[in-house]
Amino acid sequence: MTYLDMEIPSRSTHLWRYTPWNRIHPSKVDTIPECSPLNVDVQGDCKFHDSNRKMEDLTEISRVFISECYNGMTQIEIDGSGQTVNINLFPSGETNIGHLNLKCKGEATIIVHLSGEGDWTGLHITGTIDKNSKIGYGFVNELDSNSKLLRCEDWNVHRDSTLEYAELSIGGLRNKTDIRTTLAENNSSLNQAVAVYGIDARHDDHHMEINHLVKYTDSSLIMNAACGDKSHSIGTGQLFISDDANHSNAAQVFHNLLLSEKARADAIPELEVLSDEVTANHGAASAPVDKEQMHYLQSRGLSNEQSEALIVEGFLVNTFSSIKNKIISEDLKARLKIYLECEIMG
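Okay, so let's go over this structure. Just so it is clear, the structure is predicted and the values come from calculations on it, not from any experiment.

Moving on, we get to the overall build of the protein chain. When helices and strands are tallied, the protein chain shows five helices and 19 strands. The C-alpha radius of gyration computed for the protein chain amounts to 20 Å, which stays within 12% of the reference 20 Å derived for 346 residues, consistent with globular compactness. Reported as C-alpha extents along the three principal axes, the dimensions of the protein chain are approximately 60 × 50 × 45 Å. Counting all 346 residues of the protein chain, 52% fall into the buried class.

Written as structure tokens, this is what we have:
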């Protein structure tokens, strides 16, 4: 089915409840705009080349739209021996499209950094983690504060493999992210941690699906969002455990820190469990800044802005405490610290 043949999803659809399609589309919803390809800079020990994307039988509107806007893709193959691969993405025009296809095996660290200006960016990342692999993956959204981002990711994790996934989302004005991970074979696991910081009128909508299809699979999802001014964070965790996935373990937790009375945060953990012999937990909590913490820091000579930034940093850094890959966790922590320092200095 082509994009123009598809029905525009209504807000009653779970995926589009908080970010309607017409608010993330780059122009009019009945058009496919001309797009420029994202500039892709790959650094590290891997093989990569550009190719044309094969037209797949996609059914989800974001993925179909991105594929029809631009049929190019960057293929990246990583035969891991402990190396780090850095992938830097930059918009090249007003409306930008990119597709990365990652094939990973062995042990490696991947850091994707999206930055720069551009009115709208569409990005589709697909990844396969081969058997007996240990992959650390970090994603940083540091787009210009006036940009829109539509991002989809699809990951497949195979037997005896682990995907450690960490994300720092601090860029863009309006962001819609849809991340889907499938634990496809026995002893596959996912450890996912997402940190979001919102200021001004920033809108950040994360939808994360984790599918346990077979026995002895494990997943953990934590999302921490700090929201200031009139910003709005949405986090949806959709966990599915099939009837063939006995002896699986899954957990998802959402924490929201509200920095102003006009800030909003929605956390929606959802579980669909069809198997009996599993462990599945979920939770969500929202709270304002602790006034006693602010008072303590200000009594030590810090300004209101410095005190709040320090609290935000501690809250968001804690997101990555479960990430064992220190290269990724330290990289994202450093980027967050720099961002907050720049915000204080104006």
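The rest of the description comes next.
We now examine helix H4 (residues 304-317). In a regular helix each residue adds 1.5 Å, so 14 residues correspond to 20 Å; H4 covers 20 Å between its end C-alpha atoms and thus fits that length. Among the structural elements, strand E13 (189-198), strand E15 (218-227), strand E17 (249-258), helix H3 (291-299) and helix H5 (326-345) are those in contact with the buried residues of H4.

Let us now look at the pairing of strand E16 (residues 232-241). In terms of burial, E16 is a largely internal element, eight of the 10 residues being buried. Where strand E14 (residues 203-212) meets E16, 10 bridges bridge the pair, whose relative direction is parallel. When the bridges of E16 are listed, Asp205 appears paired with Ile234. Strand direction decides the pairing type here: E16 and strand E18 (residues 264-273), joined by 10 bridges, are parallel.

A complete count under the given rule lists 15 salt bridges for this structure. For Asp266, the salt bridge goes to Arg264, with nearest N and O atoms at 3.9 Å. A salt bridge links Lys337 to Glu313; its shortest N-O distance comes to 3.8 Å. Within this pair, whereas Lys337 is found in helix H5, its partner Glu313 is found in helix H4, the two being separated by 24 residues in sequence. One network of salt bridges, with partners in common, ties together Glu60, Arg63, Asp154, Asp178, Arg180 and Glu209.

Quick look at the sheet that holds strand E2 (residues 39-43) now. Taken in spatial order, the nine strands make up an open sheet running E2-E5-E7-E9-E11-E13-E15-E17-E19, and their pairing is mixed. Whereas interior strands pair on both sides, the edge strands pair on one side only; in this sheet they are E2 and strand E19 (279-288). Each adjacent strand pair in this sheet contributes to an overall mean axis angle of 10°, direction not counted. In this structure, E15 lies alongside E17, joined through 10 bridges in parallel fashion. Bridge pairing in E17 links Met223 to Phe254.

So, on to the nonpolar core. Ile87, Tyr137 and Leu163 are the most contacted members of the largest nonpolar core, which has 45 residues in total. Leaving out residues up to four positions away in the same chain, Leu163 has contacts with Ile129, Ile135, Tyr137, Trp155, Val157, Ser189, Leu190 and Asn191.

Now for the packing of aromatic side chains. A complete count under the given rule lists eight aromatic pairs for this structure. Judged by centre distance (4.9 Å) and plane angle (45°), the rings of Tyr137 and Tyr165 are tilted. Placement of Tyr137 in strand E9 (residues 134-143) and of Tyr165 in strand E11 (residues 162-169) is noted, with a sequence separation of 28 residues between them. For Tyr165, a relative accessible area of 0% translates into the label buried. Linked through ring pairs, Tyr3, Trp16, Trp21, Phe65 and Trp120 together constitute an aromatic cluster. The ring of Phe139 is capped by Arg151, whose NZ or CZ atom sits 3.8 Å from the centre of that ring. The ring of Trp16 has Lys176 lying over it, and the distance from NZ or CZ to the ring centre is 5.0 Å.

About the cut-offs
- Residues numbered from 1 in each chain as written.
- Predicted model: local features only at pLDDT ≥ 70, side-chain atom pairs only at ≥ 80, totals over all residues.
- Heavy atoms only, no water.
- Helix = DSSP H or I, 4+ residues; strand = E, 2+ residues; numbered from the N terminus.
- Rg over C-alpha atoms; globule rule 2.2 N^0.38 Å.
- Buried < 20%, exposed > 50% of the residue type's maximum accessible area, 1.4 Å probe, protein only.
- Expected span 1.5 Å × (residues − 1).
- Contact = heavy atoms within 4.5 Å.
- Pairing = 2+ DSSP bridges.
- Salt bridge = Lys/Arg side-chain N within 4 Å of Asp/Glu carboxyl O.
- Axes fitted to C-alpha atoms, helices over the stretch in contact; angles between N-to-C directions.
- Core = buried A, V, L, I, M, F, W, Y, C linked by side-chain atoms within 4.5 Å.
- Phe/Tyr/Trp six-rings, centres within 6.5 Å; stacked < 30°, edge-to-face > 60°.
- Lys NZ or Arg CZ within 6 Å of the ring centre and 35° of its normal.

The analysis is restricted to geometry; functional conclusions fall outside its scope.
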